[in-house]
Amino acid sequence: LYLYLKHLILGSFLLPFFEQLADLMFYGPIIWDPVLIIAQMGVMQASFYLLTGFWLVLLQSLLGSRSGPSLDHIFKASTMDLDFVLNMAPILAFILAAPLCAIICTLVVDRAWQCLDFAGTVYCVHFILCCCHSGFPLYWEWWAANVFSLVVIIIIIIVINSY
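Values in this document were obtained by computation on a predicted structure and should not be read as measured data.

So, on to the environment of Asp81. Inspection of the secondary structure puts Asp81 in the loop between helix 4 (71-75) and helix 5 (88-108). Considered as a pair, Asp81 and Ile91 are 10 residues apart in the sequence and their alpha carbons are 8.1 Å apart. In this structure Asp81 touches Asn87, Met88, Ile91 and Glu141, once residues within four positions along its chain are discounted.

Before going further, it helps to spend a moment on empty space enclosed by the protein. With the rule as written, the count across this model stands at 1 cavity of 30 Å³ or more. For the largest cavity, the calculated volume is near 40 Å³. Lining the largest cavity are Met44, Phe48, Cys101, Ala119, Val122 and Ile153. Of all the secondary-structure elements, those providing two or more residues to the lining of the largest cavity are helix 3 (34-63) and helix 6 (112-134).

With respect to the secondary-structure elements, Pro137 resides in the loop between helix 6 and helix 7 (140-162). With a relative accessible area of 3%, Pro137 lands in the buried category. Separated by 61 residues in the primary sequence, Pro137 and Lys76 place their C-alpha atoms 7.5 Å from one another.

Helix length check: helix 5, at 21 residues, gives a terminal C-alpha distance of 30 Å against a target of 30 Å (1.5 Å per residue), a fit within 8%. Where helix 5 bends most, at Ala98, the angle is about 35°, and the proline Pro99 comes one to four residues later. Residues Ala89, Pro90, Ile91, Ala93, Phe94, Ala97, Ala98, Cys101, Ala102, Cys105 and Thr106 constitute the buried set of helix 5. Along its buried surface, helix 5 packs onto helix 3, helix 4, helix 6 and helix 7. Looking one or two places after helix 5, you find Asp110, whose phi comes out positive at around 85°.

With the rule as written, the count across this model stands at 10 aromatic pairs. Relative to Phe94, the ring of Phe48 has its centre 5.8 Å away and its plane inclined at 45°; by these criteria the two rings are tilted. Placement of Phe48 in helix 3 and of Phe94 in helix 5 is noted, with a sequence separation of 46 residues between them. Arranged with centres 4.9 Å apart and planes meeting at 85°, the rings of Trp142 and Trp143 form a pair that is edge-to-face. Of the residues examined, Trp142 reaches a relative accessible area of 2% and is grouped as buried. Counting every residue linked through ring pairs, the aromatic cluster contains Phe48, Tyr49, Phe75, Phe94 and Tyr123.

Right, let's get into the side chain of Thr52. Looking at the secondary structure, you find Thr52 in helix 3. Here Thr52 falls in the buried class, since its relative accessible area comes to 1%.

Structurally, the position occupied by Asn87 is in the loop between helix 4 and helix 5. Taking C-alpha positions, Asn87 is 8.4 Å from His73, a pair spaced 14 residues apart along the chain. When near neighbours in sequence (up to four residues on either side) are disregarded, Asn87 contacts Thr79, Met80 and Asp81.

Before going further, it helps to examine a nonpolar patch on the surface. A cluster of nonpolar side chains, Phe136, Leu138, Tyr139, Trp143, Val147, Val151, Ile155, Val159 and Tyr163, forms an exposed patch at the surface whose accessible area comes to about 1,000 Å². With respect to the helices and strands, Trp143 occurs in helix 7.

Parameters and conventions
Residues numbered from 1 in each chain as written. Predicted model: local features only at pLDDT ≥ 70, side-chain atom pairs only at ≥ 80, totals over all residues. Heavy atoms only, no water. Helix = DSSP H or I, 4+ residues; strand = E, 2+ residues; numbered from the N terminus. Contact = heavy atoms within 4.5 Å. 1 Å grid on protein atoms, 1.4 Å probe; cavity = no way out; pocket = protein on both sides within 12 Å on 5 of 7 lines; lining within 4 Å. Points joined across faces, edges and corners; volume = space filled by probe spheres on them. Buried < 20%, exposed > 50% of the residue type's maximum accessible area, 1.4 Å probe, protein only. Expected span 1.5 Å × (residues − 1). Bend = angle between axes of the 7 residues up to and from the residue. Phe/Tyr/Trp six-rings, centres within 6.5 Å; stacked < 30°, edge-to-face > 60°. Patch = residues over 30% accessible without salt bridge, like charges linked within 9 Å, V, L, I, M, F, W, Y side chains within 5 Å. Areas by Shrake-Rupley, 256 points an atom, 1.4 Å probe, with all protein chains shown as cover. Salt bridge = Lys/Arg side-chain N within 4 Å of Asp/Glu carboxyl O.

Functional significance is not addressed by these values, which are geometric in nature.
Here it is as structure tokens:
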């Protein structure tokens, strides 16, 4: 019955194409291991914040900030402002952390489609933490920096995994 329905739904001309596509997309069996997934997510989230914090400290010291970085620079949308030079440091920190996060993601997660899921999850968790810390982000600079850095991560993951 399964084979009959499969043949009826897909048709005989599409079946070889989908079988080849499945062979290309998945190498090896997919194993559901929640502990591994949580560990990978923890590594990704920690590397995202460590790299963002590293770039934030470096950029603020280069730009001559008198105050040190705080959690507000990462989680508060109002600290990202293009009108003031020192407030550009968090924006640049997010963008500069993105390529290294993409490389770490491909090393930790190993599967291209899971890397894209993990990259999106990192930014979803970041959005939730920002909402918990200082409310819903209303500044367009915050949205632009986060969306742009997510796009950078996705492009780099696709490029790395295509070769």
